[in-house]
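# What the coordinates show
Residues per chain are reported as follows:
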Amino acid sequence: MNAVKSTMPYQTLTRDQHFQNPGPKRILALDGGGLRGIVTLSYLKRIESLLRERHGGDPDFRLGHYFDLIAGTSTGAIIAAGLAIGLSVDELITHYLKLGRKVFKASLWRKGVLRDRYDETKLIEELKKVFGERRLGDSSLCTGLLVMSKRMDTGSPWPLGNNPMARNFNVKSGSAAIANADYPLWQVVRASTAAPTYFVPEKITIAQAAGKDAVIGEFVDGGVSPFNNPALQALMYASQLFLVSVGTGTGDPSRPTSKVVAVAGINALQSLMDDCATLVETLMQWLSNSPDSRVIDRELGNLGKDVLAGEASFSYRRYQLDLTRTGVDHLKKGVPDKTLASLPEMDRPANLDLLKELGALAADNHVRDDHFPAVFDLPKPSIDAATLQAYRRPDQTTVIAIPLDLEATPDAQIGSKLFTYHKWDARQTSKRGDWLLHNGGDVYTVDRETFARTYAQVGPGQYRKIANVWAERADAGGKIETKEGTTHYATGDYLVYNQAERRDGYAVKAKKFVELYEAVG
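Residues numbered from 1 in each chain as written. Predicted model: local features only at pLDDT ≥ 70, side-chain atom pairs only at ≥ 80, totals over all residues. Heavy atoms only, no water.

### Focus: the nonpolar core
If you look at soluble globular proteins, the nonpolar side chains tend to sit buried side by side. To keep things clear, this is the line we draw: Nonpolar core, defined: a set of buried Ala, Val, Leu, Ile, Met, Phe, Trp, Tyr and Cys residues in which side-chain atoms within 4.5 Å join the residues together. Per-residue accessibility, obtained with a 1.4 Å probe over protein chains only, is compared with the maximum for each type, and a residue is labelled buried under 20%, exposed over 50%, and partly exposed between these values. Secondary structure follows DSSP: runs of H or I at least 4 residues long count as helices, runs of E at least 2 residues long count as strands, and numbering of each begins at the N terminus. Should any heavy atoms of two residues lie within 4.5 Å, those residues are considered in contact.
Leu44, Ile47 and Leu83 are the most contacted members of the largest nonpolar core, which has 79 residues in total. Element by element, the count of residues in this core is highest for helix H2 (residues 37–54), at eight residues. For isoleucine 47, the residues in contact, after removing those within four places along its chain, are Leu63, Val244, Val246, Tyr319, Val367 and Phe372. Counting 18 residues, the second largest nonpolar core, distinct from the first, contains Phe19, Ala29, Val280 and Phe314.

Spelled out as structure tokens, the structure:
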């Protein structure tokens, strides 16, 4: 029996299984580009819709189920991390529009010369609302995540990922270094989005030893490294066979000349960033099978017949919105010249709706079902859900339960993290709105939605489980990811599901399960 969460007709793997299972790997890479990230989300909405239909139309399908690693830089890091915690694209779009309009408000006193243009506290506030107190290494992340940043105090690009086998994911006992796994997720994302002149750098404590000064890294936007398009970095981070790369739109790469030294310098730096993006695309196309690769230049062409070493190393798809006059007119005619000229800007909330519309139109034109080869489809469950046996509680046994309505912060929302605890050989996480249960001497928390669906109140503080469960015995030890965390189990224990399609699962010791449940029918 596979230790996986299964949703017919595909298997939903844990983070570790995404990294460690043999077979084809699926990678998603998301560019930086400020508020143009709404273009990326428009493409992803189309991709999610196609893949959901491919995998049975399950409304709970997420891109985090399909892709084994999601890499992002800057605005792409926000989206990548959101997908990695299991958000749908529609949920991300809602968060993204709110963040963009709240954070990118122009100020007469902040012009990006003596002070950064925008107040980072608003960005931090929004990131914390989305990611809560999760750490980069939390097992609640449903897939692999790679966030690209740059550490300015050392001048080095810093890829921060959640691969448990990576060198710096954990540290040896007694080491002064802080493990990558322990970095707050919101802070990792914030570091990747700290675009110079837009936001102040993000400071992260790298090492802390007793009696010594802490080593603090100063991080800025990964877009000022060669990896604003993180596809090449993702290629180096994890061997894979299928890589999907989504941009935020690109305008005219030409830059006006200027006799003003500062202006000329900024134009040169912007042109250098464009060159880095082109280099990454060139290398990716040179190494891969890329049926719809773009023309790099007149000399190189699209490299379609000039693959390095004569054989493609992987399959590659690149989606990018053309924000030139020709590209925009192909999708939507009549966009004013002034508006068109402002579309490549990274911090113009007024363009969000138009960029979203253009991205959706381009995605409908560019993204097709056959872009995702069947060989990379998620595997089907090895055991048919029909083999699960239904069980019920035969007695009138009740539990004591109270809702966890305490607010971790003044603006805490339902679902925000309250505290963690160790149980079932793993760390469990309680969220605001969950229920605290006392069940015959056993104390634990239950997810809010699960509790509402499976328990009924029979007296003050007294509840009884009324819903059936579906279960099977494990023929090997393993672990199962639950809504609260992780549960380890041994051979012969029961894997129990609150829904027949192997959803909302957990494990119960064999002896206890036999005491609590009887077969239905």
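From this point, things continue past the structure.
### Looking at the pattern of salt bridges
Stated precisely, the cut-off is as follows: Just to be clear on terms, a salt bridge is a Lys or Arg side-chain nitrogen sitting within 4 Å of an Asp or Glu carboxyl oxygen.
Inspection of the entire model under this criterion finds 34 salt bridges. The salt bridge partner of arginine 26 is aspartate 68, with a shortest N-O separation of 3.5 Å. Within this pair, whereas arginine 26 is found in strand E3 (residues 26–30), its partner aspartate 68 is found in the loop between helix H3 (63–66) and strand E4 (69–73), the two being separated by 42 residues in sequence. You can call arginine 26 buried: its relative accessible area is 5%. Given a relative accessible area of 3%, aspartate 68 falls into the buried group.

### Re helix H6 (residues 120–131)
To keep it simple, the criterion reads: Each helix should span, by expectation, one fewer than its residue count multiplied by 1.5 Å. Working definition: the arc comes from the directions between the helix axis and the C-beta atoms, pointing outward to the latter.
Its twelve residues place the ends of H6 16 Å apart at the C-alpha level, agreeing with the 16 Å of an ideal helix rising 1.5 Å per residue. Taken together, the buried positions of H6 are Leu123, Ile124, Glu126, Leu127, Val130 and Phe131. Viewed along the axis of H6, the buried residues span an arc of 165 degrees, placing them on a single side of the element. Buried residues along H6 sit in contact with helix H4 (75–84), helix H5 (89–103), helix H7 (185–192) and strand E7 (202–207).

### Some thoughts on the packing of aromatic side chains
Stated precisely, the cut-off is as follows: Each aromatic pair joins two rings of Phe, Tyr and Trp (for Trp, the six-membered one) with centres within 6.5 Å, and gets the label stacked for planes under 30 degrees apart, edge-to-face for over 60, and tilted for any other angle. Two conditions define a charge sitting above a ring: the NZ of Lys or the CZ of Arg must be within 6 Å of the ring centre, and it must be within 35 degrees of the ring normal.
The full count for this structure, using the stated rule, is 15 aromatic pairs. Between the aromatic rings of tyrosine 66 and phenylalanine 67, the centroid separation amounts to 4.9 Å while the plane-to-plane angle is 85 degrees, which identifies the pairing as edge-to-face. Accessibility assignment for this pair places tyrosine 66 and phenylalanine 67 in one class, buried. Ring plane angle 80 degrees and centroid distance 6.4 Å describe the contact between tyrosine 391 and tyrosine 494, whose orientation is recorded as edge-to-face. One end of the pair, tyrosine 391, is in strand E12 (residues 389–392); the other, tyrosine 494, is in strand E23 (residues 494–499), with 103 residues separating them in the sequence. Just as tyrosine 391 is buried, tyrosine 494 falls in that class too. For lysine 128, the ring lying beneath its charged end belongs to tryptophan 186, and the centroid distance is 4.8 Å. Directly above the aromatic system of tyrosine 517 lies the positively charged group of arginine 393, at a separation of 5.8 Å from the ring centroid.

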